[in-house]
Amino acid sequence: EDQVTQSPEALRLQEGESSSLNCSYTVSGLRGLFWYRQDPGKGPEFLFTLYSAGEEKEKERLKATLTKKESFLHITAPKPEDSATYLCAVQSDNYGQNFVFGPGTRLSVLP
Amino acid sequence: ETGVTQSPTHLIKTRGQQVTLRCSSQSGHNTVSWYQQALGQGPQFIFQYYREEENGRGNFPPRFSGLQFPNYSSELNVNALELDDSALYLCASSWTSGSYNEQFFGPGTRLTVL
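Residues numbered from 1 in each chain as written. Chains lettered and ligands numbered in written order. Predicted model: local features only at pLDDT ≥ 70, side-chain atom pairs only at ≥ 80, totals over all residues. Heavy atoms only, no water.

Student: When you look at the overall build of chain A in this model, what are you seeing that I'm missing?
Tutor: The secondary structure content of chain A amounts to 0 helices and 11 strands. Each helix and strand of chain A, placed in order from N terminus to C terminus, yields the pattern β-β-β-β-β-β-β-β-β-β-β. Scaling as 2.2 N^0.38, a compact globule of 111 residues should have a C-alpha radius of gyration of about 13 Å, and chain A matches this with 13 Å. Each principal axis of the C-alpha distribution contributes one length, and for chain A these read about 45 × 30 × 20 Å. Counting every position in chain A, which comprises 111 residues, the buried fraction comes to 47%. (Helix = DSSP H or I, 4+ residues; strand = E, 2+ residues; numbered from the N terminus. Rg over C-alpha atoms; globule rule 2.2 N^0.38 Å. Buried < 20%, exposed > 50% of the residue type's maximum accessible area, 1.4 Å probe, protein only.)

Here you go:
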């Protein structure tokens, strides 16, 4: 059975203090790993797709990387508007087109 | 290009009632997936519709059912509501091609069952 875990559960940073969020996965035949940002009471907003180990994607202050067992979302010099829950999801050979989501990391960036 | 829309935004029902939630997919997309998200948890896959047929289902009972229409919009129906059905229901649309596809989410419908 596919499993996705995320750590830490919650993270509090000062503005400008860089850090990384972790997504560990156990799947049979990874098709893709996806990162989303979710603000309270709203739908997830798509950030990145990673398909193979070694791949990296960047967008503004965010950079996502992928290995064979985990993915990292690096946040460089975060701002208060980066505060949100960050979700990762995997798509695998086991479950066709649907996603298996992790529980998310709640990020708070203090001014 | 219009994004994914859902209606209604909020809904309050009582236990035992039935509910229908609606989703309009992003233009150009042919696949709709539904997810249930309890407070503080990640979304859980309910089912997916592709070309008006169910194309995969998660671990949800048969009282959760759905439809997809020729214009790719979709409905989620839940019968015999239970208190545990209270959650944010998310619809995601995508273009099914090859082995993988990004899913784009709507704003969700917040369902409260009393």
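Student: It is not clear to me how the overall build of chain B should be interpreted in this structure. Could you clarify?
Tutor: A tally of helices and strands in chain B yields 0 helices and 11 strands. Starting at the N terminus, the α and β elements of chain B follow one another as β-β-β-β-β-β-β-β-β-β-β. Here the C-alpha atoms of chain B give a radius of gyration of 13 Å, agreeing with the 13 Å that 2.2 N^0.38 yields for 114 residues. Principal axes of the C-alpha set define a box for chain B whose edges measure 40 × 30 × 25 Å. Here chain B, with 114 residues, has 47% of them falling under the buried criterion. Counted over contacts in chain B with a minimum sequence separation of 6, partners at least 24 positions apart contribute 53%. When the accessible surface of chain B is summed, it comes to about 5500 Å², and 49% of that surface belongs to carbon and sulfur atoms. When the 7 positive and 9 negative side-chain charges of chain B are each reduced to one mean point, those points stand 8 Å apart. (Contact = heavy atoms within 4.5 Å. Areas by Shrake-Rupley, 256 points an atom, 1.4 Å probe, with all protein chains shown as cover. Lys, Arg positive; Asp, Glu negative; His and termini not counted. Charge placed at Lys NZ, Arg CZ, Asp CG, Glu CD.)

Student: Explain the interface of chain A and chain B here, please?
Tutor: Where interface size is given, it is often the accessible area lost as the parts come together that is meant. Across the contact, 19 residues belong to chain A and 22 residues belong to chain B. Together chain A and chain B conceal approximately 1600 Å² of surface at their shared face, both sides included; 55% is due to carbon and sulfur atoms. Where chain A meets chain B, there are 0 salt bridges. On inspection of chain A and its partner chain B, the count reaches 6 residue pairs in polar contact (both at pLDDT 80 or more). Mapped onto the side of chain A that touches chain B, the elements with two or more residues apiece are strand E4 (30–38), strand E5 (45–50) and strand E9 (84–92) of chain A. No other element matches E4(A), which puts 4 residues into the side of chain A that touches chain B. Its residues assigned to classes, the side of chain A that touches chain B shows 9 nonpolar, 8 polar and 2 charged. (Buried area = accessible area lost by both parts, 1.4 Å probe. Salt bridge = Lys/Arg side-chain N within 4 Å of Asp/Glu carboxyl O. Polar contact = N/O pair within 3.5 Å; in protein donor to acceptor, adjacent residues only side chain to side chain. Nonpolar A, V, L, I, M, F, W, Y, C, P; charged D, E, K, R; others polar.)

Student: Even after reading the chapter, I still don't get the pairing of strand E3 (residues 19–26) of chain A, so can you show me in this structure?
Tutor: When a strand is regular, its side chains alternate between the sheet's two faces. All names here are of chain A. Where strand E1 (residues 3–7) lies against E3, 5 bridges are found, and the strand directions are antiparallel. Paired with Gln3 across the two strands is Thr26, which belongs to E3. The pairing of E3 with strand E8 (residues 70–75) spans 6 bridges and is antiparallel. Pairing of Ser20 across the sheet is with His74, part of E8. (Pairing = 2+ DSSP bridges.)

Student: Where do I start with the sheet that holds strand E3 (residues 19–24) of chain B in this structure?
Tutor: Hydrogen bonds along the backbone pair up the strands of a sheet, which may run parallel or antiparallel. Residues and elements named next belong to chain B. Read across the sheet, 4 strands follow the order E1-E3-E8-E7 without closing on themselves; strand pairing throughout is antiparallel. Since the sheet does not close on itself, it has two edges, and those belong to strand E1 (5–7) and strand E7 (64–68), each with one partner. Strand-to-strand, the axes of this sheet are offset by a mean angle of 20°, without reference to chain direction. Bridging between E3 and strand E8 (residues 74–78) involves 5 bridges; their strand directions are antiparallel. Counterpart to Thr20 in the pairing with E8 is Asn77. (Axes fitted to C-alpha atoms, helices over the stretch in contact; angles between N-to-C directions.)

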